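# Understanding the architecture of this molecule
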Amino acid sequence: MDTPASSSVSLALRYKLLRLWRVSLVAAVACLIHLQGRWLTEHRSVEITLAQARSFFPNADSVVLHDIERGLHHALDAEGKPIGTLLATSPETDGIIGYSGPSNILVALDESGAVAGVELISSADTPEHVELITKDKTFFKPFLGWKPSSGPPPAISAVSGATLTSYAMAESLAKRLAGASASLRFPETPRIDEIKILFPEVKKLETVGRRLRVVGSDGKTLGYVLRTSPEADNVSGYRGPTDLLVGISPDGLKVTALKIRKSFDTEDYVEIVRDDEDYLRSFSGRTVAEIANLDYKKEGIEGVSGATQTSWAIAEGLKRRLAAEVATGSKPTRNWFQPNDWAFAGVVAGALLLAFSPLRGKRWLRLGWLGIMIGYVGLAGGGLLSLSLFQGWATHGPAWQAAPGLVLLGLAALILPWATRRQVYCHQICPHGAAQQFLGALGRKMRSRSRTSPASALSPYFSRLESIPALLLAGAVIAILLHIPVNLALIEPFDAWVWQAAGTATITIAIIGLAASFFIPQAYCRFGCPTGALFNFLRSFGSGDRWGARDWAALGLLAAGLLCVGFTRITVRSQPDHEVTALSGKAMGSSWSVKIRGLVPNPKTLENEIKAALEHIEQTASNWRENSTVSVFNHSTSHAPTVSPELASLARVSQRISQESEGALDITIAPLVRLWGFGPGPRRDTAPKDAEIEALRSRMGWNKLTVAEDSLTKQIPDLEIDVSSVTEGWTADHISKLLKSKGLREYLVEISGEMRVAGQWNIAIEHPARVCALSNESLATSGTYRQNWKAEGKTFSHLIDPRTGKPVTHDTVSVSVRHSDCVYADGWSTALNVLGVERGLPLAERLGLAVQFVIEKNGQYPEVRSSSAWK
């Protein structure tokens, strides 16, 4: 028989085990979310595409991964020469958290190593905060022109309403670029056999920033190696620059040896310097800082006789590189706690004092404190805790560096209900809860004058409604683990307090919740807050607390979470590269590629069939081949029908678009294309006269072409056509049909930039670089920022307006169209680009077309405007 004492001990033990179970379950779910996030990150593609490269380097012909250790890609021109370097900040900077997650940013470096462009690829931070930054066209501008190798990063101004996110992006850029300087003059990465001349016992090399750490067989650091390039790239000797390898002592302070690695200088002079061991040895034993500030004349260091200019350039390149090393290493460290973080720490301390001291009973003090929480935490500090914030921290880790005060507030909100049985955050800190308390008190005063309450009719249903927050919390966890793209900020009202980032859904929930609290005390907290449900699950109720329904539900959620993780890892579409078959080649004066997910029984046979189909289409539709069907049609002056089902199909599509766009697309524009020097024939160096243009326009007109089921007929004898505005899209559709006939179900077809996909694919769009998620549809882009020529101080676009006979001159530089058929996407992208955004966007809205217009005024940062159907 249990004694009262033993029963008391058993009850206390059970209570402790229950509390341990609850905090362990929350930790287990957080671990699941973290592990799932890491796994998805590891399986996502980090490829930098040609389209992205051309956004910064229009002449890029290909992109190659040059340095796998540092993730550096080179953009190559048609001759295979590097013209720029590209890199993404992820995964190296995934540990830099903004408000709730890291961001991945694409950076382009020009030939001198300066930043040529910056574009946001994706972000795991709160979408509303990210959107504020993408709308701010000036945020990334301070980085343009910055040379990471020669100075500290530029100062940036945080975007209002997204301070933590913008600072984290700037920090990511600074950290990633600090070790990513690359030379296009000397692009080769040092090999271990080269390093052996400086460190004979080297066994392994490790990248540490811009240095290579030299590791011996015992795992110890033998020293470091750095290159004088790219700082030395612009230091020319007699005929060109020289790249040195520099050995550094294990403590990182002294130069131990030098080796000339490669040079564009006169070889005879370079050999003279190589042979003069005393000259190179004169720098050994000196500190990095000493050489960085070296005065050659004062030190009596002279050049090598017979190779004075070459030896001076080598010494100057060494000095510049080590000066950059000193500048990089002496950057001031960031203070961990900023004023805002100390303020949040004060908020936690004040809330504890108010909750656990006699001050709690002083009504005036409590009301004043709640007013401060509304003003500072809500409106000024933007420090509300939310489900989206905890999701970001669980996935990517808390923002210890960027927002330690906010992390402290989050820890207090989680730990205090578990440790003290009191909801300190919900009752003493949360601005939304404080606002509800004020409105509830006002409502009680007004209702005291009346005998009835509007809430009394709902009171029988309160017990059912109180389960809504827990259901929302469980649904959010399942969505996260299943990798369902749900913006959790939209199911809570907290972003409404950060008014710059607030969306319609958030504001609506906030207004409804506050209005309801006027009639029902703490209405949103009781019936709508999933974040509060998390805190309530952790909250203990003393020794009488028992295992109950919430614990069974939590156990079921954990089991469901484990199933979700297993299901996602089986079905997720982030496949390794070897599960994608890639075919590519040249056609139509450009390139084509096909990517196929899954098993392809005979890739070589399929590739030959694709090439045969492309050859047939080019022989039909090319204006550049004298014997193509189009060329034969154009040379003929007969009114007799020309039988060609393919040309008839292309013409029907173009005429439909011509009619709906009032002639903005017209395939009878061929003579004008040739006149302006963009078609077959000689290039121009002067603009044609108005009389020449008008003479050719009399031979044009889409309504002067009769299109039958499988034939074309000229209504005037000298009518000519150019179907290039729809051919590439039509070809993508044709290849798609071929792949589908082979039983393939997931593929991406790209013909000269126009794409059609089966399944789900993420597609990069250039200028500015952005990502579009396609699902069983097509994407085509028409741009005016390439294929131009200059004459008489003017730039003439290859895009000609059929209605004027002249190249377009408006500020719309590109148009992207999504459509079920690529031929329509291709044709409409051209027509809408001719019209420009002012006339094209209203037409796209009227026709329900999914379109994005890119506008660039006077060299400003490009602006993207989308139709409703795109969104």
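Residues numbered from 1 in each chain as written. Predicted model: local features only at pLDDT ≥ 70, side-chain atom pairs only at ≥ 80, totals over all residues. Heavy atoms only, no water.

Take the overall build of the protein chain next. Along the protein chain, the regular secondary structure elements total 29 helices and 27 strands. The buried share among the 871 residues of the protein chain stands at 51%. The long-range fraction of contacts in the protein chain, counting pairs at least 24 apart against all pairs at least 6 apart in sequence, stands at 63%. A total of about 40500 Å² of accessible surface is found on the protein chain, and carbon and sulfur atoms cover 56% of it. (Helix = DSSP H or I, 4+ residues; strand = E, 2+ residues; numbered from the N terminus. Buried < 20%, exposed > 50% of the residue type's maximum accessible area, 1.4 Å probe, protein only. Contact = heavy atoms within 4.5 Å. Areas by Shrake-Rupley, 256 points an atom, 1.4 Å probe, with all protein chains shown as cover.)

This paragraph deals with a nonpolar patch on the surface. On the surface, Leu-13, Leu-17 and Leu-20 cluster together into a nonpolar patch covering about 300 Å² of accessible area. Tracing the backbone shows Leu-17 in helix 1 (residues 4–42). (Patch = residues over 30% accessible without salt bridge, like charges linked within 9 Å, V, L, I, M, F, W, Y side chains within 5 Å. Salt bridge = Lys/Arg side-chain N within 4 Å of Asp/Glu carboxyl O.)

Once that is clear, we can look at the sheet that holds strand 14 (residues 705–707). The 3 strands are arranged 13-15-14 in an open sheet whose pairing can be described as antiparallel. This sheet does not close on itself; its edge strands, each paired only once, are strand 13 (642–643) and strand 14. Where strand 14 lies against strand 15 (residues 711–714), 3 bridges are found, and the strand directions are antiparallel. Within strand 15, the position partnered with Thr-706 by the bridge is Thr-713. (Pairing = 2+ DSSP bridges.)

A few words on helix 28 (residues 724–741). Spanning 18 residues, helix 28 covers 26 Å between terminal C-alpha atoms, matching the ideal 26 Å at 1.5 Å per step. In terms of burial, helix 28 is a largely internal element, 13 of the 18 residues being buried. Among the residues trailing helix 28, Gly-743 stands out with phi positive, at a value near 85 degrees. (Expected span 1.5 Å × (residues − 1).)

This paragraph deals with the sheet that holds strand 8 (residues 221–227). An order of 6-7-8-9-10 is seen for the 5 strands of this open sheet, with the pairing classed as antiparallel. Looking at strand neighbours, the two that pair on one side only are strand 6 (204–208) and strand 10 (255–263), the edges of this open sheet. Averaged over all neighbouring strand pairs, the angle between strand axes comes to 25 degrees, with direction disregarded. (Axes fitted to C-alpha atoms, helices over the stretch in contact; angles between N-to-C directions.)

For the rest of this paragraph, the subject is the packing of helix 28 against helix 29 (residues 822–847). Contact geometry for helix 28 and helix 29: axes closest at 7 Å, N-to-C directions at 155 degrees. Judged by the inter-axis angle, helix 28 sits roughly antiparallel to helix 29. Our pair here, helix 28 against helix 29, has a crossing hand that is right-handed. Every residue of helix 29 that contacts helix 28 at Ser-724, Ser-725, Val-726, Thr-727, Glu-728, Gly-729, Trp-730, Ala-732 and Asp-733 is listed here: Cys-822, Val-823, Asp-826, Gly-827 and Thr-830. Here the residues of the contact of helix 28 with helix 29 sort into 5 nonpolar, 6 polar and 3 charged. (Parallel < 35°, antiparallel > 145°, perpendicular 65-115°, else oblique. Left-handed = near helix turned anticlockwise from the far one by under 90°. Nonpolar A, V, L, I, M, F, W, Y, C, P; charged D, E, K, R; others polar.)

Ile-610, Val-723, Leu-739, Trp-828 and Leu-832 are the most contacted members of the largest nonpolar core, which totals 62 residues. No other element matches the 13 residues that helix 29 contributes to this core. Non-local contacts of Leu-832, meaning those with residues more than four positions away in its chain, are made with Val-815, Val-817, Gly-840, Leu-843, Ala-844, Leu-849, Val-851 and Phe-853. Counting 61 residues, the second largest nonpolar core, distinct from the first, contains Leu-18, Trp-393, Ile-429 and Phe-494. (Core = buried A, V, L, I, M, F, W, Y, C linked by side-chain atoms within 4.5 Å.)

Looking now at helix 12 (residues 363–380). Between its first and last C-alpha, helix 12 extends 24 Å over 18 residues, near the 26 Å set by a 1.5 Å rise per residue. Burial in helix 12 covers these residues: Trp-369, Leu-370, Met-373, Ile-374, Val-377 and Gly-378. In this structure, the buried residues of helix 12 make contact with helix 11 (339–356), helix 15 (424–429) and helix 16 (431–447). With its phi angle positive at about 60 degrees, Gly-382 sits one or two positions after the end of helix 12.

Enumeration over the complete set of coordinates arrives at 28 salt bridges. Here Lys-806 makes a salt bridge to Asp-690, at a shortest N to O gap of 3.2 Å. Of the two residues, Lys-806 sits in strand 24 (residues 806–807) while Asp-690 sits in helix 27 (residues 690–697), which places them 116 residues apart along the sequence. For Asp-690, a relative accessible area of 49% corresponds to the partly exposed category.

Attention now goes to the packing of aromatic side chains. All chains considered together, the criterion is met by 11 aromatic pairs. Arranged with centres 6.0 Å apart and planes meeting at 85 degrees, the rings of Phe-390 and Trp-393 form a pair that is edge-to-face. In this pair, Phe-390 and Trp-393 both sit in helix 13 (residues 387–396), 3 residues apart, roughly one turn of the helix. Residue placement shows Arg-19 over the ring face of Trp-418; its charged tip is 4.5 Å from the ring centre. Here the basic side chain of Arg-211 rests over the ring of Tyr-224, its NZ or CZ set 5.4 Å away from the ring centre. (Phe/Tyr/Trp six-rings, centres within 6.5 Å; stacked < 30°, edge-to-face > 60°. Lys NZ or Arg CZ within 6 Å of the ring centre and 35° of its normal.)

With their axes 8 Å apart at the nearest point, helix 12 and helix 16 run at an angle of 135 degrees to one another. Classed by the angle they form, the pair helix 12 and helix 16 counts as oblique. Between helix 12 and helix 16 lies a crossing of left-handed hand. Taking contact as the criterion, the partners of Arg-366, Leu-367, Leu-370, Gly-371, Met-373, Ile-374, Val-377 and Gly-378 in helix 12 are, on helix 16, Pro-431, Ala-434, Ala-435, Gln-437 and Phe-438. Split by residue class, the contact of helix 12 with helix 16 holds 9 nonpolar, 3 polar and 1 charged.

By secondary structure assignment, the location of Gly-805 is in the loop between strand 23 (800–801) and strand 24. When the C-alpha positions of Gly-805 and Leu-696 are compared, they lie 8.6 Å apart, and in sequence the two are 109 residues distant. Aside from chain neighbours lying at most four places away, what touches Gly-805 is Leu-672, Trp-676, Ile-693, Arg-697 and Ile-800.

The subject of this paragraph is the environment of Ala-419. With respect to the helices and strands, the residue Ala-419 is situated in helix 14 (residues 404–420). Placed 120 residues apart in sequence, Ala-419 and Arg-539 show a C-alpha to C-alpha distance of 7.7 Å.

With that settled, the discussion passes to the pairing of strand 7 (residues 211–215). Most of strand 7 is tucked away: 5 of the 5 residues are buried. Turn length for the strand 6-strand 7 hairpin, with the two strands adjacent in sequence and antiparallel, is 2 residues, and the turn residue Gly-209 shows positive phi of about 65 degrees.

Turning next to unusual backbone geometry. The phi dihedral of Glu-662 is positive, around 55 degrees, even though this residue is not glycine. By the element assignment, Glu-662 lies in the loop between helix 25 (645–660) and helix 26 (670–675). Residues other than glycine seldom take positive phi values, yet Asn-776 does so here, at roughly 50 degrees. With respect to the helices and strands, the residue Asn-776 is situated in the loop between strand 19 (770–775) and strand 20 (778–783).

Time to look at the environment of Phe-519. Checked against the element boundaries, Phe-519 lands in the loop between helix 19 (504–517) and helix 20 (523–527). Once the C-alpha coordinates of Phe-519 and Ala-441 are considered, the two residues, 78 residues apart in sequence, prove to be 9.6 Å apart.

A few words now on the side chain of Thr-830. When you line up the elements, Thr-830 lands in helix 29. Those residues in contact with Thr-830 that lie beyond four places of it in its chain are Leu-665, Ser-725, Ser-782 and Leu-799.

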